[in-house]
Amino acid sequence: MSTLKIAIQKSGRLNEESIQILKDAGISINNGIDQLKAEASNFPLEVLYLRNSDIPQYLIDGVVDIAIVGDNLLVEKGKNIEVIQKLGFSKCKVSIAVPKAFEYNSIQDLNGLRVATSYPNTVIDYCNSKGVSVDIHQISGSVEIAPNIGLADAIVDIVSSGSTLFKNNLKEVEVIFKSEAVLAVSPKVSPEAQRIINTLKFRIESVLRARKSKYILMNVPNDKIEAISGILPVLKSPTVMPLAQEGWSSVHTVIDKDTFWEVIDQLKEAGAEGILVCPIEKMVL
(Lines give C-alpha, C1' and ligand atoms only; values in the text may rest on other atoms or scores of the structure.)
Protein backbone atom coordinates (compact mmCIF):
# COMPACT_ATOMS: atom_id res chain seq x y z
CA MET A 1 0.00 0.00 0.00
CA SER A 2 1.32 3.46 -0.90
CA THR A 3 1.93 6.20 1.64
CA LEU A 4 0.09 9.49 1.46
CA LYS A 5 2.35 12.55 1.66
CA ILE A 6 0.89 15.54 3.51
CA ALA A 7 2.49 18.97 3.87
CA ILE A 8 1.96 21.15 6.91
CA GLN A 9 3.56 24.36 8.12
CA LYS A 10 7.00 23.81 9.69
CA SER A 11 6.30 25.94 12.79
CA GLY A 12 3.76 28.28 14.33
CA ARG A 13 0.09 28.12 15.21
CA LEU A 14 -0.97 26.47 11.96
CA ASN A 15 1.55 23.70 12.60
CA GLU A 16 0.20 23.01 16.09
CA GLU A 17 -3.44 22.96 15.04
CA SER A 18 -2.68 20.81 11.99
CA ILE A 19 -0.93 18.20 14.13
CA GLN A 20 -3.80 18.32 16.61
CA ILE A 21 -6.51 17.62 14.05
CA LEU A 22 -4.53 14.67 12.69
CA LYS A 23 -4.16 13.30 16.23
CA ASP A 24 -7.86 13.82 16.87
CA ALA A 25 -8.48 11.81 13.70
CA GLY A 26 -6.67 8.89 15.35
CA ILE A 27 -3.34 9.31 13.54
CA SER A 28 -0.21 8.90 15.65
CA ILE A 29 2.75 10.85 14.27
CA ASN A 30 6.27 10.00 15.38
CA ASN A 31 7.78 13.44 15.09
CA GLY A 32 10.70 14.84 17.03
CA ILE A 33 12.24 18.27 17.46
CA ASP A 34 13.37 19.93 14.20
CA GLN A 35 12.32 16.98 12.04
CA LEU A 36 11.43 17.87 8.46
CA LYS A 37 9.70 14.54 7.81
CA ALA A 38 7.81 12.09 9.99
CA GLU A 39 5.73 8.95 9.48
CA ALA A 40 2.49 7.95 11.14
CA SER A 41 2.71 4.67 13.03
CA ASN A 42 -0.91 3.61 12.47
CA PHE A 43 -1.94 5.15 9.13
CA PRO A 44 -0.27 5.24 5.67
CA LEU A 45 0.77 8.88 6.05
CA GLU A 46 4.06 10.74 5.82
CA VAL A 47 4.21 14.34 7.09
CA LEU A 48 6.50 16.89 5.45
CA TYR A 49 7.15 20.03 7.51
CA LEU A 50 7.58 22.84 4.99
CA ARG A 51 7.81 26.59 4.84
CA ASN A 52 4.25 27.83 4.59
CA SER A 53 4.73 29.91 1.44
CA ASP A 54 6.28 26.92 -0.41
CA ILE A 55 3.37 24.52 0.14
CA PRO A 56 1.22 25.56 -2.88
CA GLN A 57 4.10 24.85 -5.28
CA TYR A 58 4.75 21.44 -3.69
CA LEU A 59 1.08 20.63 -4.35
CA ILE A 60 1.23 21.88 -7.94
CA ASP A 61 4.35 19.81 -8.64
CA GLY A 62 2.89 16.68 -7.03
CA VAL A 63 5.71 16.42 -4.48
CA VAL A 64 3.00 16.11 -1.82
CA ASP A 65 -0.47 14.65 -2.31
CA ILE A 66 -2.32 16.83 0.16
CA ALA A 67 -1.69 19.74 2.51
CA ILE A 68 -3.13 21.67 5.40
CA VAL A 69 -2.57 25.26 4.37
CA GLY A 70 -4.09 28.69 4.71
CA ASP A 71 -6.67 29.51 2.05
CA ASN A 72 -4.94 32.89 1.62
CA LEU A 73 -1.85 31.17 0.19
CA LEU A 74 -3.90 29.21 -2.33
CA VAL A 75 -5.57 32.40 -3.52
CA GLU A 76 -2.12 33.95 -3.96
CA LYS A 77 -0.16 30.99 -5.36
CA GLY A 78 -2.42 28.06 -6.15
CA LYS A 79 -5.78 29.07 -7.57
CA ASN A 80 -6.20 25.78 -9.46
CA ILE A 81 -5.58 23.62 -6.39
CA GLU A 82 -8.73 21.88 -5.16
CA VAL A 83 -9.90 22.49 -1.59
CA ILE A 84 -11.78 19.48 -0.25
CA GLN A 85 -12.41 20.60 3.33
CA LYS A 86 -12.42 23.82 5.31
CA LEU A 87 -10.97 23.11 8.75
CA GLY A 88 -12.31 25.97 10.89
CA PHE A 89 -9.05 27.10 12.49
CA SER A 90 -6.33 29.71 11.80
CA LYS A 91 -9.04 32.13 10.68
CA CYS A 92 -7.95 35.54 9.46
CA LYS A 93 -8.69 38.22 6.88
CA VAL A 94 -6.63 39.52 3.99
CA SER A 95 -7.21 43.23 4.37
CA ILE A 96 -6.18 46.65 3.17
CA ALA A 97 -4.88 48.98 5.89
CA VAL A 98 -3.83 52.61 5.77
CA PRO A 99 -2.39 55.11 8.29
CA LYS A 100 -5.01 56.35 10.74
CA ALA A 101 -4.71 59.88 9.36
CA PHE A 102 -5.56 58.69 5.83
CA GLU A 103 -9.08 59.84 4.85
CA TYR A 104 -10.28 56.64 3.19
CA ASN A 105 -13.69 56.47 1.49
CA SER A 106 -13.30 53.67 -1.06
CA ILE A 107 -10.74 51.56 -2.91
CA GLN A 108 -10.63 54.33 -5.52
CA ASP A 109 -8.65 56.42 -3.01
CA LEU A 110 -5.66 54.10 -3.56
CA ASN A 111 -5.51 54.71 -7.31
CA GLY A 112 -1.89 55.47 -8.27
CA LEU A 113 -0.58 54.97 -4.73
CA ARG A 114 2.05 52.57 -3.35
CA VAL A 115 0.87 49.35 -1.66
CA ALA A 116 3.23 47.09 0.30
CA THR A 117 2.27 43.43 0.54
CA SER A 118 3.36 39.80 0.61
CA TYR A 119 0.36 39.00 -1.62
CA PRO A 120 1.02 40.80 -4.93
CA ASN A 121 -1.18 38.56 -7.09
CA THR A 122 -4.10 38.92 -4.69
CA VAL A 123 -3.75 42.71 -4.63
CA ILE A 124 -3.43 43.03 -8.42
CA ASP A 125 -6.47 40.81 -9.04
CA TYR A 126 -8.57 42.70 -6.49
CA CYS A 127 -7.57 46.15 -7.68
CA ASN A 128 -8.11 45.20 -11.34
CA SER A 129 -11.62 44.01 -10.46
CA LYS A 130 -12.29 47.46 -8.98
CA GLY A 131 -10.70 49.39 -11.85
CA VAL A 132 -7.87 50.65 -9.65
CA SER A 133 -4.15 50.78 -10.50
CA VAL A 134 -1.60 50.64 -7.68
CA ASP A 135 2.19 50.47 -7.42
CA ILE A 136 3.02 47.15 -5.74
CA HIS A 137 5.97 46.89 -3.36
CA GLN A 138 6.43 43.18 -2.61
CA ILE A 139 8.06 42.54 0.77
CA SER A 140 8.22 39.59 3.16
CA GLY A 141 7.45 39.99 6.84
CA SER A 142 6.81 43.16 8.86
CA VAL A 143 4.58 44.61 6.16
CA GLU A 144 2.94 46.87 8.75
CA ILE A 145 6.03 49.04 9.09
CA ALA A 146 6.06 50.06 5.40
CA PRO A 147 3.91 53.23 5.71
CA ASN A 148 5.84 54.39 8.79
CA ILE A 149 9.18 54.33 6.95
CA GLY A 150 7.83 55.94 3.79
CA LEU A 151 7.93 52.78 1.65
CA ALA A 152 4.19 52.65 0.94
CA ASP A 153 0.95 54.56 1.33
CA ALA A 154 -1.05 51.44 2.26
CA ILE A 155 -0.56 47.75 2.95
CA VAL A 156 -2.35 44.47 2.25
CA ASP A 157 -1.71 41.75 4.82
CA ILE A 158 -3.40 39.10 6.91
CA VAL A 159 -5.28 40.43 9.94
CA SER A 160 -6.39 38.36 12.94
CA SER A 161 -7.07 40.52 16.00
CA GLY A 162 -5.96 43.82 14.49
CA SER A 163 -3.55 44.50 17.37
CA THR A 164 -0.50 44.66 15.08
CA LEU A 165 -2.20 47.27 12.91
CA PHE A 166 -3.07 49.30 16.01
CA LYS A 167 0.51 49.19 17.27
CA ASN A 168 1.73 50.51 13.92
CA ASN A 169 -0.82 53.34 13.79
CA LEU A 170 -2.79 51.71 10.96
CA LYS A 171 -6.49 51.07 10.42
CA GLU A 172 -8.22 48.32 8.46
CA VAL A 173 -10.34 49.83 5.68
CA GLU A 174 -11.16 46.98 3.31
CA VAL A 175 -11.47 43.19 3.64
CA ILE A 176 -10.44 41.48 0.40
CA PHE A 177 -11.47 38.02 1.61
CA LYS A 178 -11.65 35.83 4.71
CA SER A 179 -9.31 32.90 5.09
CA GLU A 180 -8.90 29.78 7.22
CA ALA A 181 -6.94 26.53 7.19
CA VAL A 182 -8.08 24.11 4.49
CA LEU A 183 -7.34 20.62 3.27
CA ALA A 184 -6.02 20.97 -0.28
CA VAL A 185 -5.21 18.26 -2.84
CA SER A 186 -2.54 18.12 -5.54
CA PRO A 187 -3.83 18.02 -9.13
CA LYS A 188 -1.36 15.16 -9.72
CA VAL A 189 -2.68 12.86 -6.98
CA SER A 190 -2.78 9.16 -7.92
CA PRO A 191 -5.95 7.01 -7.67
CA GLU A 192 -4.41 4.99 -4.82
CA ALA A 193 -3.50 8.15 -2.91
CA GLN A 194 -7.02 9.44 -3.53
CA ARG A 195 -8.47 6.41 -1.73
CA ILE A 196 -6.33 7.19 1.33
CA ILE A 197 -7.36 10.85 1.11
CA ASN A 198 -11.03 9.82 1.17
CA THR A 199 -10.42 7.87 4.39
CA LEU A 200 -8.53 10.77 5.96
CA LYS A 201 -11.23 13.25 4.94
CA PHE A 202 -13.92 11.05 6.48
CA ARG A 203 -12.04 10.99 9.79
CA ILE A 204 -11.43 14.74 9.79
CA GLU A 205 -15.10 15.44 9.00
CA SER A 206 -16.07 13.35 12.05
CA VAL A 207 -13.70 15.39 14.22
CA LEU A 208 -15.00 18.72 12.88
CA ARG A 209 -18.65 17.75 13.43
CA ALA A 210 -17.81 16.82 17.02
CA ARG A 211 -16.03 20.14 17.61
CA LYS A 212 -19.14 22.01 16.48
CA SER A 213 -21.55 20.05 18.68
CA LYS A 214 -22.45 19.35 22.31
CA TYR A 215 -24.20 16.29 23.71
CA ILE A 216 -26.93 17.15 26.21
CA LEU A 217 -29.08 15.13 28.61
CA MET A 218 -32.09 16.55 30.43
CA ASN A 219 -35.01 15.49 32.56
CA VAL A 220 -38.39 16.29 31.01
CA PRO A 221 -42.00 15.77 32.20
CA ASN A 222 -43.67 13.30 29.86
CA ASP A 223 -46.40 15.76 28.96
CA LYS A 224 -43.75 18.23 27.69
CA ILE A 225 -41.65 15.84 25.59
CA GLU A 226 -43.38 16.81 22.36
CA ALA A 227 -42.80 20.52 22.98
CA ILE A 228 -39.16 19.90 23.94
CA SER A 229 -38.62 17.76 20.83
CA GLY A 230 -39.87 20.62 18.68
CA ILE A 231 -37.09 22.85 20.01
CA LEU A 232 -34.24 20.40 19.54
CA PRO A 233 -32.19 20.60 16.31
CA VAL A 234 -31.35 16.89 16.30
CA LEU A 235 -29.76 14.57 13.75
CA LYS A 236 -32.93 12.44 13.48
CA SER A 237 -34.95 12.45 16.69
CA PRO A 238 -34.01 12.71 20.38
CA THR A 239 -33.46 9.63 22.51
CA VAL A 240 -36.15 9.34 25.19
CA MET A 241 -35.78 6.98 28.16
CA PRO A 242 -38.19 6.66 31.14
CA LEU A 243 -36.89 7.68 34.58
CA ALA A 244 -37.56 5.83 37.83
CA GLN A 245 -39.75 8.77 38.86
CA GLU A 246 -43.15 8.28 37.27
CA GLY A 247 -44.17 10.86 34.69
CA TRP A 248 -40.62 11.87 33.81
CA SER A 249 -38.15 10.87 31.06
CA SER A 250 -34.53 11.50 30.20
CA VAL A 251 -34.06 13.13 26.81
CA HIS A 252 -30.70 12.94 25.02
CA THR A 253 -29.65 14.84 21.90
CA VAL A 254 -26.95 16.86 20.15
CA ILE A 255 -26.93 20.67 19.92
CA ASP A 256 -24.89 22.91 17.64
CA LYS A 257 -22.29 24.80 19.69
CA ASP A 258 -22.97 28.10 17.93
CA THR A 259 -26.62 28.17 19.04
CA PHE A 260 -26.08 26.33 22.31
CA TRP A 261 -27.14 28.99 24.85
CA GLU A 262 -30.18 30.10 22.86
CA VAL A 263 -31.46 26.50 22.71
CA ILE A 264 -30.71 25.90 26.40
CA ASP A 265 -32.80 28.97 27.36
CA GLN A 266 -35.70 27.69 25.27
CA LEU A 267 -35.46 24.21 26.83
CA LYS A 268 -35.57 25.62 30.36
CA GLU A 269 -38.60 27.74 29.53
CA ALA A 270 -40.31 24.67 28.03
CA GLY A 271 -39.86 22.66 31.26
CA ALA A 272 -36.54 20.82 30.94
CA GLU A 273 -34.62 20.30 34.19
CA GLY A 274 -31.25 18.88 35.26
CA ILE A 275 -29.59 19.65 31.93
CA LEU A 276 -26.15 18.05 31.58
CA VAL A 277 -23.72 19.01 28.83
CA CYS A 278 -20.94 16.71 27.55
CA PRO A 279 -18.23 17.19 24.91
CA ILE A 280 -18.25 14.91 21.86
CA GLU A 281 -14.99 13.31 20.82
CA LYS A 282 -16.10 12.11 17.37
CA MET A 283 -19.35 12.24 15.40
CA VAL A 284 -19.64 9.62 12.65
CA LEU A 285 -22.66 9.90 10.34
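A brief look at the structure comes next.

**Quick word on the overall build of the chain**
Part 1: If you tally the helices and strands in the chain, you get eight helices and 15 strands.
Part 2: Against the compact-globule benchmark of 19 Å for 285 residues, the chain has a radius of gyration of 24 Å, which places it well outside the compact range.
Part 3: Along the longest, intermediate and shortest principal axes, the C-alpha atoms of the chain span 75 × 55 × 35 Å.
Part 4: Of all 285 residues assigned to the chain, the portion counted as buried reaches 44%.
Part 5: Pairs at least 24 residues apart make up 68% of the contacts formed inside the chain by residues separated by at least 6 positions.
Part 6: Of the roughly 15,000 Å² that the chain leaves accessible, carbon and sulfur atoms contribute 48%.
Part 7: Seen as two clouds, the 30 positive and the 34 negative side-chain charges of the chain have centres 3 Å apart.

**A word on the sheet that holds strand 8 (residues 135–138)**
Picture the strands of a sheet paired through backbone hydrogen bonds; they go either parallel or antiparallel.
Part 1: Reading across the sheet, the five strands line up as 8-7-9-6-10 and stay open at both edges, with mixed pairing between neighbours. The open sheet has two free edges, formed respectively by strand 8 and strand 10 (170–179), since each of these has just one partner strand. Ignoring strand direction, the axes of neighbouring strands in this sheet form an average angle of 25°.
Part 2: Here eight bridges tie strand 6 (residues 92–99) to strand 10, and the two strands are oriented antiparallel to one another. The partner of I96 across the bridge, within strand 10, is E174.

**Observations regarding the sheet that holds strand 13 (residues 239–242)**
Part 1: A sheet is described by the order of its strands in space; here four strands give the open sequence 13-14-12-15, paired in antiparallel fashion. Looking along the sheet, the strands with just one partner apiece sit at the ends: strand 13 and strand 15 (273–279). Strand-to-strand, the axes of this sheet are offset by a mean angle of 20°, without reference to chain direction.
Part 2: Of the pairings in the sheet, the one linking strand 12 (residues 213–221) to strand 14 (residues 248–256) comprises nine bridges and is antiparallel in character.

**Some words on the packing of helix 1 (residues 13–24) against helix 6 (residues 191–211)**
Geometry of a packed helix pair, given as the angle between the helix axes and the separation of the axes.
Part 1: Running from N to C, helix 1 and helix 6 point in directions that differ by 100°, and their axes come no closer than 9 Å. With respect to their mutual orientation, helix 1 and helix 6 come out roughly perpendicular. Mapping the contact onto sequence places Q20, I21, L22 and D24 in helix 1 and L200, I204, V207, L208 and R211 in helix 6.
Part 2: In terms of residue class, the contact of helix 1 with helix 6 is built from six nonpolar, one polar and two charged.

**Concerning the environment of F43**
Part 1: Here F43 is to be found in the loop between strand 2 (37–39) and strand 3 (45–50).
Part 2: Residue class for F43 comes out buried when judged on its relative accessible area of 9%.
Part 3: Residues F43 and I107, 64 residues apart in the sequence, show an inter-C-alpha distance of 49 Å.

**Considering the nonpolar core**
Part 1: Ranked by size, the top nonpolar core spans 31 residues in total, and within it L45, I68 and L87 carry the most contacts.
Part 2: Listing elements by their share of this core, those giving two or more residues are strand 1 (4–9), helix 1, strand 3, strand 4 (66–70), strand 11 (181–185) and helix 6.
Part 3: If one sorts the elements of this core by residue count, helix 6 sits on top with seven residues.
Part 4: Residues within four places of L87 in sequence aside, it is in contact with I21, I68, E180, A181, V182, L183, I204 and L208.
Part 5: In this structure, V94, V98, Y126 and C127 belong to the second largest nonpolar core, which totals 16 residues.

**Thoughts on the side chain of E180**
Part 1: Locating E180 in the fold gives a position in the loop between strand 10 and strand 11.
Part 2: Among buried Asp, Glu, Lys and Arg side chains, E180 stands out as unpaired, with K91 the closest opposite charge at 4.9 Å.
Part 3: A polar contact of 2.7 Å, which involves the side chain of E180, links it to the backbone nitrogen of G88.

**A look at the environment of V159**
Part 1: Inspection of the secondary structure puts V159 in strand 9 (residues 154–159).
Part 2: Overall, V159 belongs to the buried group, its relative accessible area being 7%.
Part 3: In this structure the C-alpha to C-alpha distance between V159 and I96, which are 63 residues apart in sequence, comes to 9.2 Å.
Part 4: Here V159 is in contact with C92, K93, S95, L165 and E172, once residues within four sequence places are set aside.

About the criteria used
- Residues numbered from 1 in each chain as written.
- Predicted model: local features only at pLDDT ≥ 70, side-chain atom pairs only at ≥ 80, totals over all residues.
- Heavy atoms only, no water.
- Helix = DSSP H or I, 4+ residues; strand = E, 2+ residues; numbered from the N terminus.
- Rg over C-alpha atoms; globule rule 2.2 N^0.38 Å.
- Buried < 20%, exposed > 50% of the residue type's maximum accessible area, 1.4 Å probe, protein only.
- Contact = heavy atoms within 4.5 Å.
- Areas by Shrake-Rupley, 256 points an atom, 1.4 Å probe, with all protein chains shown as cover.
- Lys, Arg positive; Asp, Glu negative; His and termini not counted.
- Charge placed at Lys NZ, Arg CZ, Asp CG, Glu CD.
- Pairing = 2+ DSSP bridges.
- Axes fitted to C-alpha atoms, helices over the stretch in contact; angles between N-to-C directions.
- Parallel < 35°, antiparallel > 145°, perpendicular 65-115°, else oblique.
- Nonpolar A, V, L, I, M, F, W, Y, C, P; charged D, E, K, R; others polar.
- Core = buried A, V, L, I, M, F, W, Y, C linked by side-chain atoms within 4.5 Å.
- Salt bridge = Lys/Arg side-chain N within 4 Å of Asp/Glu carboxyl O.
- Polar contact = N/O pair within 3.5 Å; in protein donor to acceptor, adjacent residues only side chain to side chain.

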